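Chain residues, written in single-letter form:
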Amino acid sequence: MSNYIDVIYDENIRPYTKYPFQLCRRLFQRFNIRKREKLLDVGCGRGDFLKEFKGLGLEVFGLDHQESHSEILKNIEVRYSNIENSPFPFNSEMFDIVFSKSVIEHLRNPENFIKEIYRVLKPGGKIIIMTPDWQSQRCIFYDDYTHVHPYTNMGIENLLRIYNFKEVKSEIFYQLPVLWKYPWLKMFSKFLQLFGPVKKIHKNKFIRWSRELMILGGGRK
């Protein structure tokens, strides 16, 4: 069987873009992250976000269940484990931030995943989790056959609260940097959402990411 990361995230299919840098910088500001803090990326894939968080001055580590052959990861410590069922191969209370994007929807049962994130976070440490918004992506969610568990905004918030995270917040997140800079443009995105859930991937980025929404959840240990 071919490696999921190397196939789905093949550079020829999904070339590297500046979006990981833009997102990491946005989260850096949004969650008041400080330089030299220690961050773990759970489900780090080919390392796009690890690279950018490192460039912002963080000490970064990666964790995934499959090895990637990405050049980005050569100078970053990445460990491998079954993140759905096994303990993470890191000491307790080791990290200031645990980040995970587009991972939890691949897990049938998130219990081990969330418990292990809680364990490896320092007291007061932050979890930052992102996952596709089911309500806007329900018609295309299973186009990725490894997607098994959809989430709503309230679902992510309740999940974090149940596993003892504090100061929990969950919100609908637009993957459009122009909207972060000019929030008033959301009026056009909301108009596009009147056409209902996404049924196919649109080539125009503004149209696509106005309708394909993400959930951004966060909390503290």
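Parameters and conventions
- Counting restarts for each chain, with residues numbered from 1 along the sequence as it is written.
- Given that the model is predicted, a residue must reach a pLDDT of at least 70 before its local features are reported, and side-chain atom pairs must reach 80 or more before they are shown or counted; all residues, however, enter totals for whole chains, interfaces and linings.
- Values reported for side chains reflect all heavy atoms of the structure, with hydrogen atoms and water molecules removed beforehand.
- Only DSSP runs of H or I covering at least 4 residues are called helices, and only runs of E covering at least 2 are called strands; the numbering of each starts at the N terminus.
- Note on method: radius of gyration uses C-alpha positions; expected globular size equals 2.2 Å times residues raised to 0.38.
- The rule is simple: take the accessible area with a 1.4 Å probe, protein chains only, and divide by the maximum for that residue type; under 20% is buried, over 50% is exposed, in between is partly exposed.
- Contacts are residue-level and defined by heavy atoms, with any inter-residue pair within 4.5 Å sufficient.
- Residues scored as charged are limited to Lys and Arg (positive) and Asp and Glu (negative), so that His and the chain ends carry no count.
- Lys charges are placed at NZ, Arg charges at CZ, Asp charges at CG and Glu charges at CD.
- A pair of strands counts as paired when DSSP detects no fewer than two bridges linking them.
- Note on geometry: axes are lines fitted to C-alpha atoms, helical ones only across the stretch in contact, with angles between N-to-C directions running from 0 to 180 degrees.
- Residues belong to a common nonpolar core when they are buried Ala, Val, Leu, Ile, Met, Phe, Trp, Tyr or Cys residues joined through side-chain atoms within 4.5 Å.
- Here a pair means two rings of Phe, Tyr or Trp (six-membered ring of Trp) with centres within 6.5 Å. Their orientation is stacked below 30 degrees between planes, edge-to-face above 60, and tilted elsewhere.
- Salt bridges are identified by distance alone: a Lys or Arg side-chain nitrogen within 4 Å of an Asp or Glu carboxyl oxygen.
- Here the term right-handed applies to a crossover when the path leading from its first strand over the helix to its second strand runs clockwise, the strands being oriented away from the viewer.

S.K.: In this structure, what is going on with the overall build of the protein chain? I would like to understand it.
M.R.: A count of helical and extended segments in the protein chain gives 9 helices and 7 strands. Taking 17 Å as the expected radius of gyration for a compact globule of 221 residues, we find that the protein chain reaches 17 Å, a close match to that expectation. In terms of principal-axis extent, the alpha carbons of the protein chain reach across some 50 × 40 × 35 Å. Within the protein chain, buried positions represent 51% of all 221 residues. Long-range pairs, those at least 24 residues apart, make up 68% of the contacts in the protein chain between residues at least 6 apart in sequence. Counting 35 positive and 25 negative side-chain charges, the protein chain places the averaged centre of each group 8 Å from the other.

S.K.: Before we go on, may I ask you to explain the sheet that holds strand β7 (residues 214-220) in this structure?
M.R.: The pairing of strands in a sheet happens through backbone hydrogen bonds and is either parallel or antiparallel. Read from one edge to the other, the open sheet built from 7 strands follows the order β3-β2-β1-β4-β5-β7-β6, with strand pairing classed as mixed. Each end of this open sheet is capped by a strand with a single partner; those strands are β3 (77-80) and β6 (166-173). The mean angle between the axes of side-by-side strands here comes to 15°, regardless of whether they run parallel or antiparallel. Two strands pair when backbone bridges link them, and strand β1 (residues 38-42) and strand β2 (residues 59-64) are joined in this way by 5 bridges, in the parallel orientation.

S.K.: Mind showing me how you'd approach the nonpolar core here?
M.R.: Where a protein is soluble and globular, its nonpolar side chains tend to be buried together. L40, F88, F90 and F113 are the most contacted members of the largest nonpolar core, which has 27 residues in total. If you list the elements that add at least two residues to this core, you get β1, β2, β4 (95-101), α4 (111-120), β5 (121-132) and α6 (153-162). In terms of residue count, the dominant contributor to this core is α4 (4 residues). Leaving out residues up to four positions away in the same chain, L40 has contacts with F61, G62, L63, F88, F90, F95, I97, V98, F99 and V120.

S.K.: Got a minute to help me understand the packing of aromatic side chains in this structure?
M.R.: Aromatic rings considered in pairs are described by the distance between their centres and by the relative angle of their planes. Using the criterion set out here, one finds 13 aromatic pairs in the structure. Judged by centre distance (5.3 Å) and plane angle (70°), the rings of F53 and F99 are edge-to-face. Within this pair, whereas F53 is found in helix α3 (residues 48-55), its partner F99 is found in strand β4, the two being separated by 46 residues in sequence. On the basis of relative accessibility, which here comes to 1%, the residue F99 falls in the buried class. Ring geometry for F191 against F195: centres 5.8 Å apart, planes inclined by 90°, an arrangement best described as edge-to-face.

S.K.: Teacher, can you tell me more about the pattern of salt bridges here?
M.R.: Pairs can form between side chains of opposite charge once their charged atoms are near each other. Summed over all chains, the structure comprises 10 salt bridges. Measuring nitrogen to oxygen at the nearest pair gives 2.7 Å for the salt bridge that ties E116 to R119. With E116 and R119 both in helix α4 and 3 residues apart, the pair spans about one turn of that helix. Note on E116: relative accessible area 9%, which makes it buried.

S.K.: How do you make sense of the side chain of Q137 when you look at a structure like this?
M.R.: By the secondary structure assignment, Q137 is in helix α5 (residues 134-137). Using a relative accessible area of 8% as the deciding quantity, one classes Q137 as buried.

S.K.: Please explain the side chain of E52 as it appears in this structure.
M.R.: Relative to the helices and strands, E52 resides in helix α3. With near-sequence residues (within four places) excluded, E52 lies in contact with P20, F21 and C24.

S.K.: Help me understand α3, please; the structure alone is not making it clear to me.
M.R.: An α-helical turn contains 3.6 residues, so a residue and the one three or four places further along point in the same direction. Here α3 has its buried residues at D48, F49, L50, E52 and F53. Its buried side turned inward, α3 meets α2 (19-30), β1, β2, β3 and β4. Of the residues flanking the end of α3, it is G57, one or two places downstream, whose phi is positive at about 100°.

S.K.: Sorry if this is basic, but what is going on with the pairing of β5 here?
M.R.: Look at any regular strand and the pattern is simple: side chains alternate between the two faces of the sheet. In terms of residue burial, β5 counts as a mostly covered element, since 9 of its 12 residues are buried. The sheet contact formed by β4 and β5 spans 6 bridges and is parallel. Its bridge partner being in β5, I97 is matched across the sheet by K126. One crossover worth recording links β4 to the parallel β5 by way of α4, and it is right-handed. As defined by bridge partners, β5 adjoins β7 across 7 bridges and the pair is classed as antiparallel. Residue pairing in the sheet places T131 in a bridge with I215 of β7.

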